[in-house]
Amino acid sequence: MEAQSVTTDGKEVKMYDLIIIGSGPAGLGAAVYGMRAGLKLLVLEKNPMSGGQVLSTYEVDNYLGLPGINGFDMGVKFREHAEKTGAEFKEAEVTGIEERDGVKIVHTTEGELKAKTLILAMGAQHAHLGVTGEEAFTGMGVSYCATCDGAFFKNKTVAVVGGGDVAAEDAIFLARACKKVYLVHRRDSLRAAKVLQEALMALPNVEILWNRTVSEIYGSDMVEGVKLFDKETGAESRLPVEGVFIAVGIKPQTQICGELVACDEGGYILAGEDTHTSAAGIFAAGDSRKKPMRQIITAVADGANAATAAAAVVNGM
């Protein structure tokens, strides 16, 4: 549906019912539900392709009805579905958002946009090690999500890199199916909660490699191992593994929000399952929202909830 035009400073600017920032699973799910609700909406994406993190996932085996689908193909299918509904897309990077006289103003590299409601679906990015081989083997043995990809490493030997709660949880989760799990940590003690440390130490197939950092991830077509640097001795060694799970942090892409919506200390937008933020008419969906589970299926569900909530606002319900 076409957005109406409003005049601002002598210029005609489209006024949308809804602008969705981000076109990962959450944003695309919101687009489908928003179009079905009859909203005049626009989806903004800074990258040439939609899909978000799913694009770099080699295989997705836990999305209902699409077992074993390639992550890139899934991203394409999601975008095609949204386009089929008639959703409007624009490639532009959002530099900031504000509210002015009840109107949501979205500042982008392609100009200023206006809407009655916003859905923040910018997602999050996993922190990277920045070592040789990491990017080349992402999706080919390097993963940032044990619950997403762990099933592909059944009876195999893997390494988890990190020392916080997520790293400990990942190692515990992987130990259920993997033959051997190495936890590589750069310090001599873990930052993970005590209960997680106790559970981890009790597992016979988990070995913690203290005071070590990964200097390289190597292999041919798939990961074959990692090079380790011992911070105490200065020695270098090779550790043969078939998978590397990197759990050194995650950062939500919420810098554009400023102080418009409330976030926690980690930058995650505070919004419940109804996706309502602290600002009226602004909703958060997907990995940028504070939530216990970050999966493709929960992101899509967030998008559906957010679009439904936006439609209620637009229709005065």
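First things first, this report covers the structure right here in the doc. All values reported here derive from a predicted model rather than from experimental measurement.

### Concerning the environment of Glu 112
Then, in step 1: On the secondary structure map, Glu 112 appears in strand β7 (residues 111-120).
Then, in step 2: Looking at Glu 112, the relative accessible area reads 32%, which means it is partly exposed.
Then, in step 3: Along the primary structure Glu 112 and Ile 97 are separated by 15 residues, whereas in three dimensions their C-alpha atoms are 9.6 Å apart.
Then, in step 4: Within polar-contact distance, the side chain of Glu 112 engages the side chain of Lys 114 at 3.1 Å.

### Some remarks on the environment of Gly 281
Then, in step 1: Considering the arrangement of structural elements, one finds Gly 281 in the loop between β17 (250-252) and β18 (282-284).
Then, in step 2: In this structure Gly 281 comes out as buried when scored by relative accessible area, which is 11%.
Then, in step 3: Separated by 221 residues in sequence, Gly 281 and Val 60 have C-alpha atoms that sit 33 Å apart.
Then, in step 4: What Gly 281 contacts, discounting residues up to four positions off in sequence, is Lys 104, Lys 116, Thr 117 and Leu 118.

### Examining the nonpolar core
Then, in step 1: Membership of the largest hydrophobic core comes to 31 residues, with the highest contact counts inside it found for Leu 18, Ile 20, Ala 31, Leu 41, Met 74 and Ile 119.
Then, in step 2: Elements that contribute at least two residues to this core include exactly β2 (11-21), α1 (25-36), β3 (41-45), α2 (71-84) and α6 (296-314).
Then, in step 3: Ranked by residues supplied to this core, first place goes to α6 with seven residues.
Then, in step 4: Those residues in contact with Ile 119, other than ones at most four positions away along the chain, are Leu 18, Ile 19, Ile 20, Ile 21, Ala 30, Phe 283, Ala 285, Ala 306 and Ala 307.

### Things to note about the pattern of salt bridges
Then, in step 1: Tallied over the entire structure, the rule returns 15 salt bridges.
Then, in step 2: The residue Glu 112 makes a salt bridge to Arg 100 at a minimum N-O spacing of 3.8 Å. Taken together, the residues Glu 112 in strand β7 and Arg 100 in strand β5 (residues 94-100) connect sequence positions 12 residues apart.
Then, in step 3: In this structure Arg 100 comes out as partly exposed when scored by relative accessible area, which is 33%.

### Describing the state of the cysteines
Then, in step 1: In total, this model carries one disulfide according to the counting rule given.
Then, in step 2: The disulfide partner of Cys 145 is Cys 148, and the gap between their sulfur atoms is 2.2 Å. The sign of the S-S torsion, about 65°, decides the handedness of the disulfide formed by Cys 145 and Cys 148: right-handed.
Then, in step 3: The class for Cys 148 is partly exposed, based on a relative accessible area of 24%.
Then, in step 4: Unpaired in this structure, Cys 257 has its nearest cysteine sulfur neighbour in Cys 263, at a distance of 5.4 Å.
Then, in step 5: With a relative accessible area of 2%, Cys 257 lands in the buried category.

### Details of unusual backbone geometry
Then, in step 1: One non-glycine residue, Asn 211, adopts positive backbone phi at about 55°.
Then, in step 2: Using a relative accessible area of 13% as the deciding quantity, one classes Asn 211 as buried.
Then, in step 3: For Thr 275, which is not glycine, the phi torsion reads 70° and is therefore positive.

Cut-offs applied
Residues numbered from 1 in each chain as written. Predicted model: local features only at pLDDT ≥ 70, side-chain atom pairs only at ≥ 80, totals over all residues. Heavy atoms only, no water. Helix = DSSP H or I, 4+ residues; strand = E, 2+ residues; numbered from the N terminus. Buried < 20%, exposed > 50% of the residue type's maximum accessible area, 1.4 Å probe, protein only. Polar contact = N/O pair within 3.5 Å; in protein donor to acceptor, adjacent residues only side chain to side chain. Contact = heavy atoms within 4.5 Å. Core = buried A, V, L, I, M, F, W, Y, C linked by side-chain atoms within 4.5 Å. Salt bridge = Lys/Arg side-chain N within 4 Å of Asp/Glu carboxyl O. Disulfide = S-S within 2.5 Å.

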